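Residue-level structural notes
Take a look at the letters that make up each chain.
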Amino acid sequence: MSVRTLAAALTPATRAVIVVDQGGMPVDLDPIRALCDGLGITVIEDAACAAGSTYRGRPAGAGAEIAAWSFHPRKILTTGEGGMLTTRNAAWADRARKLREHAMSVSANDRHASVLAPAEEYGEIGFNYRMTDMQAAVGLVQLDRLGEAVSRRRAIAAAYRKALADVEGLRFSEDPQYGTSNFQSFWFEVLPEFP
Ligand SMILES: *Cc1c(COP(=O)(O)O)cnc(C)c1O
């Protein structure tokens, strides 16, 4: 999605926009936010593929109001299953923490930390979206290795571009001017003149 294709799709009913860092390729977020912020539209970044990608010198996902991440086995950083939300909005973070834990008003952590467990309340319908500590331990090791994984993938992408350079009619995925891809996926476009 670009700000141009987005602008054409907005209607007065639009409340939120989900932009995707497709295959790890960072979306050009600033112009999209400039358009949406002015209209009171929330921008959600689907950064499921984008761990280790960068946008204007910062990690991809850092500039969205809320970003969603995936740790599915196919992703560059995996915990077997699961994912993460990141946001600077403290109220949303608090609500997400509650919703993942049956919408309990007292977290399991706080219950464990107290002598007499405080009575909890359920203000809305929640879910069991908890990540296990064992998954988190796997994720932390993966996080330490993220830089290494990204460099390896970037080197492999460069090798593909080099090896296929003589094939006519292909346009390869490359870093955009404004950022870098983790090359979780590598793709190329077959130009229309080469069906
Ligand atoms: C993998 C992926 C998802 C789904 O992630 P889950 O962990 O299965 O929820 C969503 N969006 C994009 C762009 C993805 O690559």
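Up top is the structure.
Residues numbered from 1 in each chain as written. Predicted model: local features only at pLDDT ≥ 70, side-chain atom pairs only at ≥ 80, totals over all residues. Heavy atoms only, no water.

**Digging into unusual backbone geometry**
Keep this limit in mind: Put simply, DSSP H or I for four residues or longer makes a helix, DSSP E for two residues or longer makes a strand, and each gets a number counted from the N terminus.
For Ala103, which is not glycine, the phi torsion reads 60 degrees and is therefore positive. Mapping Ala103 onto the fold places it in the loop between helix 3 (90-99) and helix 4 (108-113). Even without being glycine, Phe183 reaches a positive phi, approximately 50 degrees. You can see Phe183 is positioned in the loop between strand 8 (179-180) and strand 9 (188-190).

**Focus on the pattern of salt bridges**
Using the following cut-off: By salt bridge we mean one thing: a side-chain nitrogen of Lys or Arg within 4 Å of a carboxyl oxygen of Asp or Glu.
Overall, the coordinates contain eight salt bridges when judged by the stated rule. For Arg33, the salt bridge goes to Asp37, with nearest N and O atoms at 3.2 Å. With Arg33 and Asp37 both in helix 2 (residues 29-38), this residue pair falls four residues apart, about one helical turn. In this structure, Glu124 engages Arg95 in a salt bridge whose closest nitrogen and oxygen atoms are separated by 2.8 Å.

**As for the site of the ligand**
The condition is simple: Residues are classed as near a molecule or strand on a simple rule: at least one heavy atom within 4 Å of it. Any pair of nitrogen or oxygen atoms within 3.5 Å is treated as a polar contact; in protein, a donor-acceptor pairing is required on top of that, and neighbouring residues in sequence qualify only through side-chain atoms on both sides. A 1.4 Å probe and the Shrake-Rupley method give the accessible areas. Residues count as covered only by the protein chains that appear here. We call Asp, Glu, Lys and Arg charged. Ala, Val, Leu, Ile, Met, Phe, Trp, Tyr, Cys and Pro are nonpolar, and the rest, Gly among them, are polar.
Within the structure, the ligand sits among Val20, Asp46, Ala48, Cys49, Ser70, His72, Arg74, Lys75 and Gly82. Measuring from a nitrogen atom of the ligand, one finds a side-chain N or O atom of Asp46 at 2.7 Å. With respect to the ligand, the side chain of Lys75 contributes an N or O atom lying 2.6 Å from an oxygen atom. If the ligand stood free it would expose 390 Å²; the protein chains cover 58% of that surface. Tallied by class, residues from the shell around the ligand come to three nonpolar, three polar and three charged.

**Describing the nonpolar core**
Heads up, the condition is: Residues grouped as a nonpolar core are buried Ala, Val, Leu, Ile, Met, Phe, Trp, Tyr and Cys residues, joined through side-chain atoms within 4.5 Å. Categorising residues by exposure relies on relative accessible area from a 1.4 Å probe, with only protein chains included: less than 20% of the type maximum marks a residue as buried, more than 50% marks it as exposed, and the intermediate range marks it as partly exposed. By the convention used here, residues are in contact when the closest approach between their heavy atoms is within 4.5 Å.
Counting 12 residues, the largest nonpolar core consists of Leu6, Leu10, Val17, Val19, Val27, Leu29, Ile32, Cys36, Ile41, Val43, Tyr55 and Ala64. By residue number, the principal contributor to this core is helix 2, which donates three residues. Not counting residues up to four positions away in its chain, the partners in contact with Tyr55 are Pro26, Val27, Asp28, Leu29, Asp30, Pro31, Ala60, Tyr178 and Gly179. Ranked by size, the runner-up nonpolar core spans 11 residues in total, among them Ala67, Trp69, Leu146 and Val150.

**Thoughts on the side chain of Asn182**
Relative to the assigned elements, Asn182 resides in the loop between strand 8 and strand 9. Note on Asn182: relative accessible area 0%, which makes it buried. One polar contact links the side chain of Asn182 to the main-chain amide nitrogen of Gln184, over a distance of 2.9 Å.

**Comments concerning the sheet that holds strand 3 (residues 54-55)**
In plain terms, the rule: Two strands make a pair as long as DSSP finds a minimum of two bridges between them.
The strand order across the open sheet formed by three strands is 4-3-8, and the pairing between neighbours is antiparallel. Of all strands in the sheet, those with a lone pairing partner are strand 4 (58-59) and strand 8, marking the two edges.

**A word on helix 6 (residues 146-163)**
To keep things clear, this is the line we draw: What a helix is expected to span follows from its residue count: subtract one and scale by 1.5 Å. In this description, one arc is meant: the one made by directions from the helix axis to the C-beta atoms.
Compared with the 26 Å implied by 1.5 Å per residue over 18 residues, the 26 Å span of helix 6 between its first and last C-alpha is a close match. Within the sequence span of helix 6, burial applies to Leu146, Val150 and Ala157. Considered in projection along helix 6, the buried side chains sweep an arc of 35 degrees and stay on one side of the axis. Turned more than 90 degrees away from the buried face of helix 6, the exposed residues are Glu148, Arg152, Lys162 and Ala163. Buried positions along helix 6 lie against helix 5 (133-144).

**Quick word on the packing of aromatic side chains**
The condition is simple: Classification of ring pairs uses Phe, Tyr and Trp, with its six-membered ring standing for Trp, and accepts pairs whose centres are within 6.5 Å; under 30 degrees between planes counts as stacked, over 60 as edge-to-face, and the remaining range as tilted.
Under the criterion given, the structure shown has six aromatic pairs. With a centroid separation of 4.7 Å and an interplanar angle of 5 degrees, the aromatic rings of Phe127 and Tyr129 are classed as stacked. Given a relative accessible area of 37%, Phe127 falls into the partly exposed group. A centroid spacing of 6.1 Å and a plane angle of 25 degrees characterise the contact between Phe172 and Phe186, whose relative ring orientation is stacked. Of this pair, Phe172 sits in strand 7 (residues 170-172) while Phe186 sits in the loop between strand 8 and strand 9, and the two are 14 residues apart along the sequence. Residue class for Phe186 comes out partly exposed when judged on its relative accessible area of 22%. Following the ring pairs from residue to residue traces out a cluster consisting of Tyr160, Phe172, Phe183, Phe186 and Phe188.

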